[in-house]
Amino acid sequence: MPTKTENKLTRQKLADALNEDLSREYQAIIAYVNYSQVLKGASYMNIADELTVHAKEELDHALQISNFVDYLGGMPSVTPKPVKTSEKAEEMLRFDLDNETETIRQYRRRVKQADELNEFAIAEGLREILVQEQDHLISLATALGIDPPNPGIAD
Ligand SMILES: [Fe+2]
Ligand SMILES: [Fe+2]
């Protein structure tokens, strides 16, 4: 069992975790750029337009998260998490839904971590990002005709 000291949150650890978030943002930008153009079929045209909006919002998130990492003394990551591709509309939307679910799980934890370090401005920025990620999750679930999953919160 890890000791309390090993578990202690530091600014360095928050910067490292935010760099993982940044890699997820890069992944989201790439996926939304690709899927918004590859999605075919009359019934998917509305969501394809929405994905182009998501792509731009993810770029804004990447810029904000890089700013937080730099502020905390870290070097912002330049590596996206892997992006899956598919020719099938439903699969693309599922990949996006899974990624948004994981993104929300992580940001929920990150808000608490930023609060714990009294980095309330970072926590506030993360909350605003979370609002948009939740909108992304809902619009993907709606396009798939399912209820939005409950992401929970990362450990
Ligand atoms: Fe994002
Ligand atoms: Fe998103």
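Small disclaimer: the values here were computed from a predicted structure and weren't measured.

Quick notes on the rules
- Residues numbered from 1 in each chain as written.
- Chains lettered and ligands numbered in written order.
- Predicted model: local features only at pLDDT ≥ 70, side-chain atom pairs only at ≥ 80, totals over all residues.
- Heavy atoms only, no water.
- Helix = DSSP H or I, 4+ residues; strand = E, 2+ residues; numbered from the N terminus.
- Buried < 20%, exposed > 50% of the residue type's maximum accessible area, 1.4 Å probe, protein only.
- Contact = heavy atoms within 4.5 Å.
- Lys, Arg positive; Asp, Glu negative; His and termini not counted.
- Charge placed at Lys NZ, Arg CZ, Asp CG, Glu CD.
- Expected span 1.5 Å × (residues − 1).
- Donors = N, O, S within 2.8 Å, 3.2 Å for Na, K, Ca; no water.
- Salt bridge = Lys/Arg side-chain N within 4 Å of Asp/Glu carboxyl O.
- Axes fitted to C-alpha atoms, helices over the stretch in contact; angles between N-to-C directions.
- Parallel < 35°, antiparallel > 145°, perpendicular 65-115°, else oblique.
- Left-handed = near helix turned anticlockwise from the far one by under 90°.
- Nonpolar A, V, L, I, M, F, W, Y, C, P; charged D, E, K, R; others polar.

Peer 1: Which residues make up the overall build of the protein chain, and what values go with them?
Peer 2: Helix and strand content of the protein chain: 5 helices and 0 strands. When the helices and strands of the protein chain are listed from N to C terminus, the series reads α-α-α-α-α. Each principal axis of the C-alpha distribution contributes one length, and for the protein chain these read about 55 × 30 × 25 Å. Across the 155 residues in the protein chain, those meeting the buried criterion constitute 44%. Here the contacts in the protein chain between residues at least 6 apart in sequence split such that 79% fall between residues at least 24 apart. Considering the protein chain, the positive charge centre built from 17 side chains and the negative charge centre built from 27 side chains are found 6 Å apart.

Peer 1: Summarise helix α4 (residues 89-116); cite the residues concerned and give the values.
Peer 2: With 28 residues, α4 should cover 40 Å at 1.5 Å per step; its first-to-last C-alpha distance of 41 Å lies within 8% of that length. Immediately downstream of α4, the backbone of Asn118 shows phi near 60°, a positive value.

Peer 1: Outline the coordination of the iron ion (ligand 2), supporting the account with residue identities and numerical values.
Peer 2: Listed as protein donors to the iron ion (ligand 2) are Glu58 (OE), Glu100 (OE), Glu100 (OE), Glu133 (OE) and His136 (ND1); their distances from the metal cover 2.0 to 2.4 Å. One chain supplies every donor for the iron ion (ligand 2), spaced along it as E-x41-E-x32-E-x2-H. Taken as a pair, the iron ion (ligand 2) and the iron ion (ligand 1) show a spacing of 3.9 Å, with Glu58 coordinating each metal. Within this pair, whereas Glu58 is found in helix α3 (residues 45-71), its partner Glu133 is found in helix α5 (residues 120-144), the two being separated by 75 residues in sequence. Given a relative accessible area of 0%, Glu58 falls into the buried group.

Peer 1: Kindly report on the side chain of Ser23, identifying the contributing residues and their values.
Peer 2: Along the polypeptide, Ser23 turns up in helix α2 (residues 11-38). On the accessibility criterion, Ser23 (9% relative accessible area) is buried. Apart from residues no more than four positions distant in its own chain, Ser23 is found in contact with Ser77, Thr79, Pro80 and Lys81.

Peer 1: Report on the pattern of salt bridges, specifying residues and quantitative values.
Peer 2: Applying the stated criterion across every chain, the model contains 6 salt bridges. Among the ionic pairs, Asp115 bridges to Arg127, the shortest N-O distance being 4.0 Å. On the criterion of sequence distance, the pair formed by Asp115 in helix α4 and Arg127 in helix α5 is long-range, its members being 12 residues apart. The partly exposed category is assigned to Asp115, whose relative accessible area is 27%. The structure contains a network of salt bridges with shared partners spanning Asp21, Arg24 and Arg110.

Peer 1: Quick one: what's the story with the packing of α2 against α4, residue by residue and with numbers?
Peer 2: Between α2 and α4, the least distance of the axes is 10 Å, while the angle of their chain directions is 155°. Taken together, α2 and α4 sit at an angle that is classed as roughly antiparallel. Classified by chirality, the crossing of α4 by α2 is left-handed. Mapping the contact onto sequence places Leu14, Ala17, Leu18, Asp21, Arg24, Glu25, Gln27, Ala31, Tyr32, Tyr35 and Val38 in α2 and Met92, Phe95, Asp96, Asn99, Glu100, Glu102, Thr103, Gln106, Tyr107, Arg110, Gln113 and Ala114 in α4. Split into classes, the residues belonging to the contact of α2 with α4 amount to 11 nonpolar, 5 polar and 7 charged.

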